[in-house]
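Residue-level structural notes
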Amino acid sequence: MTRPDRAPSRSVRDAVRHRASFAASLASALVALLTAVHAAAAPIDAMVAFDGRFIPALAATSAAASADPAADARAREATARLAAEWPRLRERLAEAGAAAPASAHWPAMLARIDRRIVQADALVRGGRHADAHEALEAVRPAMLEARRAAGIDYLVDRHDEYHAPKETLVAGAAGGLDAAGRAAMVRTFAQARALWHAIERTPVDAERHALSPQRLEQYRRGVADETAARARLSEARRTGDPAAGAAAAVAVKPPFARAYTAFGLPPDEAPARRP
């Protein structure tokens, strides 16, 4: 006589429920992880898109202010492109900062950039490149402060932090400082060195920062050359030769500029499209 099939034991049923519960928990965890990754990436994508247009305008107005004969057209083109694309870029930045705390003052930061871009565009069209460059320079600290307050970690901000003490070193290299001024320069040099070491230690995600192979190589070469220039400046400061120190301080500017401008999008390169 055939024995009737028995219902699954309690232990078997419990095991099945456990596996189902584990699978559901794992699926939920994966969804949460993917959501978090997307949320973390979205602000960086917006920053990368903005800097792709902002950095060329910043660089071109600086070059035009230095009386580069070919720079006037580049400054006009880059600034006009930034102004034209700013409404779209602004919308993305606003979305990126939607969850920022009130302490980040995100809307105020965007309003400040509104004014600076309009101002820079008008100044460039009037041939006042140096003033336009200064107007755009004010954008960097505004965005840096807002991102820091919002907890957004962005590689370009490390370069912006280094920029200020680097410029102080260059300005002070001409000499003529009293004892207090020389002591301040020692502190500034230490600050700049620490900030630069942080840049050197930060891995570069070419995909995240939309760096083409050419611009990635430009960035890496710029960082390596800046490191070498800083070593020469350190040696010049050690020897105490004012002329060598002044020349070495000025020499840290070009490689830093090459590294920084690698994050800008050339006019003949299409913006990277993300899935």
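Report on the accompanying structure. Being a predicted model, the structure only gives us computed values, none of them experimental.

**Quick notes on unusual backbone geometry**
Although it is not a glycine, His105 adopts a positive phi angle of roughly 50 degrees. Considering the arrangement of structural elements, one finds His105 in the loop between helix H2 (71–96) and helix H3 (106–125). A positive phi angle, close to 55 degrees, is found at Ala210, a residue other than glycine. Within the fold, Ala210 resides in the loop between helix H7 (179–201) and helix H8 (213–239).

**Describing the packing of aromatic side chains**
The full count for this structure, using the stated rule, is 6 aromatic pairs. Taking 5.3 Å as the distance between ring centres and 15 degrees as the angle between the ring planes, the aromatic pair formed by Phe50 and Phe54 counts as stacked. Of this pair, Phe50 and Phe54 both sit in helix H1 (residues 10–65), 4 residues apart, roughly one helical turn. For Phe50, a relative accessible area of 1% puts it in the buried group. Under the relative-accessibility criterion, Phe54 is labelled buried at 2%. When the centroid spacing of 6.2 Å and the interplanar angle of 15 degrees are considered together, the rings of Phe256 and Tyr260 count as stacked. On the criterion of helical spacing, the pair formed by Phe256 and Tyr260 is a turn pair, its members being 4 residues apart in helix H10 (residues 253–261). Of the residues examined, Tyr260 reaches a relative accessible area of 5% and is grouped as buried. An aromatic cluster of three or more residues is present, and its members are Tyr162, Trp196, Phe256 and Tyr260. The ring of Tyr260 carries the charged tip of Arg140 above its face, separated from the ring centre by 4.8 Å.

Conventions we followed
- Residues numbered from 1 in each chain as written.
- Predicted model: local features only at pLDDT ≥ 70, side-chain atom pairs only at ≥ 80, totals over all residues.
- Heavy atoms only, no water.
- Helix = DSSP H or I, 4+ residues; strand = E, 2+ residues; numbered from the N terminus.
- Phe/Tyr/Trp six-rings, centres within 6.5 Å; stacked < 30°, edge-to-face > 60°.
- Buried < 20%, exposed > 50% of the residue type's maximum accessible area, 1.4 Å probe, protein only.
- Lys NZ or Arg CZ within 6 Å of the ring centre and 35° of its normal.

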